Amino acid sequence: MTIIPPYLQKGDTIGITCPAGFMAAEKAQTCIDTLHEWGYNVMVGKTLGSSSANYFSGTDEERADEMQAMLDDDSINAILCGRGGYGLGRIIDQLDFDLFKKKPKWIIGFSDITVLHEHIYANYKIAALHAPMAAAFNDGGAENEFIQSLKNALEGKKAKYECAVHEYNRRGEAVGELVGGNLTLVSHLIGTSSDIKTKGRILFLEDTGELLYKIDRMLYQLKRSGKLQKLAGLIIGGFSDMSDTERPFGKTAYEIVQDIVKEYDYPVCYNFPVSHSKENYALKVGVGYKLKVGKNRVVLEE
Amino acid sequence: MNRKHFFSSLLAAGAAIPALGAALTDDTENALIIPRYLKAGDVIGITSCAGYITIQDIQPAMQQMEAWGFKIRVGNTIGKRDFTFGGTDDERAADFQQMLDDDDVKAIMCARGGYGAVRIIDKLNFSRLQSHPKWIIGFSDITVIHSHLNRNYGIASVHSKMCNSFPDDWSKAEPAQIETILSIKLALQGEKMKYNAVPNQQNKPGVGEGVLVGGNLKTLESLAGSKSDIITKGKILFVEDTGEYMYSIDRMFWGLKRTGKLANLKGLVVGGFKVKPDDSPDDAFGRTLQDIVLEKIKEYNYPVCFDFPVGHQKNNYALKCGVRHRLEVKEDEVSLKEIYNDDKKLK
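Definitions and limits used
- Residues numbered from 1 in each chain as written.
- Chains lettered and ligands numbered in written order.
- Predicted model: local features only at pLDDT ≥ 70, side-chain atom pairs only at ≥ 80, totals over all residues.
- Contact = placed C-beta atoms within 7 Å.
- Helix = DSSP H or I, 4+ residues; strand = E, 2+ residues; numbered from the N terminus.
- Nonpolar A, V, L, I, M, F, W, Y, C, P; charged D, E, K, R; others polar.
- Buried ≥ 20, exposed ≤ 12 C-beta atoms within 10 Å, placed from the backbone.
- Core = buried A, V, L, I, M, F, W, Y, C linked by C-beta atoms within 7 Å.
- Pairing = 2+ DSSP bridges.
- Right-handed = clockwise from strand over helix to strand, strands pointing away.
- Domains from an automatic or database assignment.
- Axes fitted to C-alpha atoms, helices over the stretch in contact; angles between N-to-C directions.
- Parallel < 35°, antiparallel > 145°, perpendicular 65-115°, else oblique.
- Left-handed = near helix turned anticlockwise from the far one by under 90°.

Glancing now at the interface of chain B and chain A. Taken together, the contact pairs 23 residues of chain B with 22 residues of chain A. Broken down by secondary-structure element, the contributors of at least two residues to the side of chain B that touches chain A are helix H4 (117-120), helix H8 (217-222) and helix H9 (246-258) of chain B. For the side of chain B that touches chain A, a count of residues per class yields nine nonpolar, seven polar and seven charged.

Put into structure tokens, the structure is as follows:
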């Protein structure tokens, strides 16, 4: 059984850190204000709005130290990653999860944060929250159902998400632990100590800004490393901003997926609201869900 | 009997190496299989196992290889097209399979890279290749095949330019183009390859000997966890890439490290890396390729060289994957040479 970190109570503290790319402090202000409104204290790490002049929010040491401090600090009840980008892979092996293992807390984020989610599930069987990060609160986002789904998840409310059917869906029902995240990172982690097992589980995948042939190649890697064979179900989220080569690939991202899973018979749904766009429900990685891909609707229920 | 010596003496006699049967799971002491080298009149098959190419596009390669004394067999995927691919998966697999199984074809040159080899690799049957090894030639996406052959069968192959890199007009070609194309001929004829690289100040000096494996870094990463994934322990690894962002190159080197591929090397050869420019100055990665590589291998002692003439560039010489090499990295000289048939090894 997966270990579920304690849900939050009013007055609990959420730490915000940027373990990957740089983020200006003002871009996280609405998020901070909203978390206050939800009744939480917020502890902002130095990596948010740091003086870093390059791509990262700080040096490897600064980013690792801050994540480590938040993992170890008992007064921090959850850690929200300010943004993704790239950088967790550089520090993951420097982090020490000994205290975190004894006192698990929710780690929130997506995209590059997939590294952390997979790592703690693969090694410690601790659940994590694949959910919108700080910038998603801006421009009225704080009011939308996706940010609300994060609020509900933190409060311990069981999620039940519904979405429209897609013509490529394969109908059926599946029950299993939910694993996955960003396809680029799920494939990148194969063969490392952060690699997840997918057998009997519901896998969800999303990606953004990739060439179509690379999506195909990554899915072939998943397939050839045995990750697609024995799934309970497959949830395909947004594949936004796909680009193509000069000679067109000849398939959309969803057609690529459809082709690659045609030999299996588990349920598959497409265009599920988990993505780099606004549509991005909070999902508890490692927690058991029921997926129903029906004729008229798709339901994912904890 | 020492297998290595046995094969060496067979090679010295010019004999083909028989198949070994079972696939190799741990090839740290890999029994190397070196296909028979080519002689005048031998047939080289040309096939598209990845991207699409026209018959016109392979004319310069055909003419040149015919001028070298080889016969050319044009596969039926040449000129075929399924969007980006040189035919459907089934067509590409069938063409490649036919050439693997036809004993008259003594070497197979992949017409070009692109993308597609991984889509057909599991459709191919290598049993005839095991009993009758032949050279398979290519790079970039063809790294899939090199890795697969090394991991599963220990069969050597040639990492080199392909049909789409032969100059249209040999008389107007640059020296580097001529030399690199000629290196394919020399490799196929059994010449012991020896290359020098311009010393880079950030090289890590030292000497290492081992089987050469490697190729396109992105392709190697995409094979991790699959049955085509290379084992690098005790080997010399070479890598090159093109069109990737610096952060992505960093992530791929972490991938090599975190999948254990950097820990027990005999040497690391870093070829050309054409880096995709950052989208904005704010995205500046703040590290050079050398920084990226050196921070990953700082705890290891094997030699490392940069700027080796292999990659998506004019300076891309033929390398024999799966063959033992000696890498010497000195302050004023860098060399990589074949040592499989070294007399000293025979004694």
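Read on, since the account is not over.
Take unusual backbone geometry next. All names here are of chain A. Here the phi dihedral of Asp139 falls at roughly 55°; this positive angle occurs in a residue that is not glycine. The residue Asp139 is located in the loop between strand S5 (128-130) and helix H6 (145-155) in this model. Exposure remark for Asp139: the 10 C-beta atoms within 10 Å place this residue in the exposed category. A positive phi angle is found at Asp241, which is not glycine, with a value near 50°.

Generally speaking, a soluble globular protein has its nonpolar side chains buried in company with each other. Ile202 of chain A together with Met109 and Val269 of chain B are the most contacted members of the largest nonpolar core, which totals 197 residues. Val269 of chain B has contacts with Ile236, Leu237, Phe238, Cys305, Phe308, Leu327 and Leu336 of chain B, leaving out every residue within four places of it along the chain.

Relative to the helices and strands, Gly176 of chain A is located in strand S7 (residues 172-182). With 24 residues separating them along the chain, Gly176 of chain A and Gly200 of chain A place their C-alpha atoms 6.2 Å apart.

Here the focus is the pairing of strand S2 (residues 71-74) of chain B. Residues and elements named next belong to chain B. Sheet topology note: the strand S1 (residues 43-47)/S2 ladder contains four bridges and is parallel. Following the sheet pairing, Ile46 is matched in S2 by Val74. For the segment spanning S1, helix H2 (residues 59-67) and S2, crossover handedness is right-handed.

A few words now on the pairing of S7 of chain A. Residues and elements named next belong to chain A. Where S7 lies against strand S12 (residues 288-293), six bridges are found, and the strand directions are antiparallel. By the bridge assignment for S12, Glu177 is matched with Gly288. Bridge count between S7 and strand S8 (residues 202-208): five bridges; the pairing is parallel. Bridged to Asn182 within S8 is Glu206.

What follows is about the sheet that holds strand S12 (residues 324-329) of chain B. Residues and elements named next belong to chain B. Ordered by their spatial adjacency, seven strands build an open sheet running S6-S13-S12-S7-S8-S9-S10, and the pairing between neighbours is mixed. Edge positions in the sheet fall to strand S6 (194-197) and strand S10 (304-305), since each has one partner strand and no second. In the sheet, S12 pairs with strand S13 (residues 334-338) via five bridges, with the strands oriented antiparallel. Opposite Arg326, over in S13, you have Lys337 as the bridge partner.

Our focus in this paragraph is the environment of Ala107 of chain B. All names here are of chain B. Structurally, Ala107 can be placed in strand S3 (residues 105-110). C-alpha of Ala107 to C-alpha of Asp42: the two residues are 65 residues apart in sequence and 8.4 Å apart in space. Here Ala107 is in contact with Leu38, Ile44, Lys134, Trp135, Ile137 and Leu188, once residues within four sequence places are set aside.

Residues and elements named next belong to chain A. Partitioning chain A into domains gives domain 1 (13-155) and domain 2 (160-301). A straight line from the C-alpha centre of domain 1 to that of domain 2 covers 24 Å. Counting from both sides, the interface comprises 27 residues of domain 1 and, opposite them, 22 residues of domain 2. Considering each element in turn, the side of domain 1 that touches domain 2 owes the most residues, eight residues, to helix H5 (residues 114-124). Broken down by class, the residue content of the side of domain 1 that touches domain 2 amounts to 15 nonpolar, nine polar and three charged.

Residues and elements named next belong to chain A. The geometry of helix H8 (residues 212-224) relative to helix H9 (residues 253-260) is characterised by a closest axis approach of 10 Å and an angle of 25° between their N-to-C directions. On the basis of their axis angle, the class for H8 and H9 is roughly parallel. Here the hand of the crossing between H8 and H9 comes out right-handed. Residue-level contacts link Leu212, Ile215, Asp216, Leu219 and Lys223 of H8 to Ala253, Ile256, Val257 and Ile260 of H9. Taken together, the residues of the contact of H8 with H9 break down into seven nonpolar, no polar and two charged.

Quick look at the domain arrangement of chain B now. Residues and elements named next belong to chain B. Examined at the domain level, chain B breaks down into domain 1 (3-188) and domain 2 (194-346). Residue-level contacts link 39 residues of domain 1 with 30 residues of domain 2. It is helix H6 (residues 143-152) that contributes the most residues to the side of domain 1 that touches domain 2, nine residues altogether. For the side of domain 1 that touches domain 2, the per-class residue count stands at 15 nonpolar, 19 polar and five charged.

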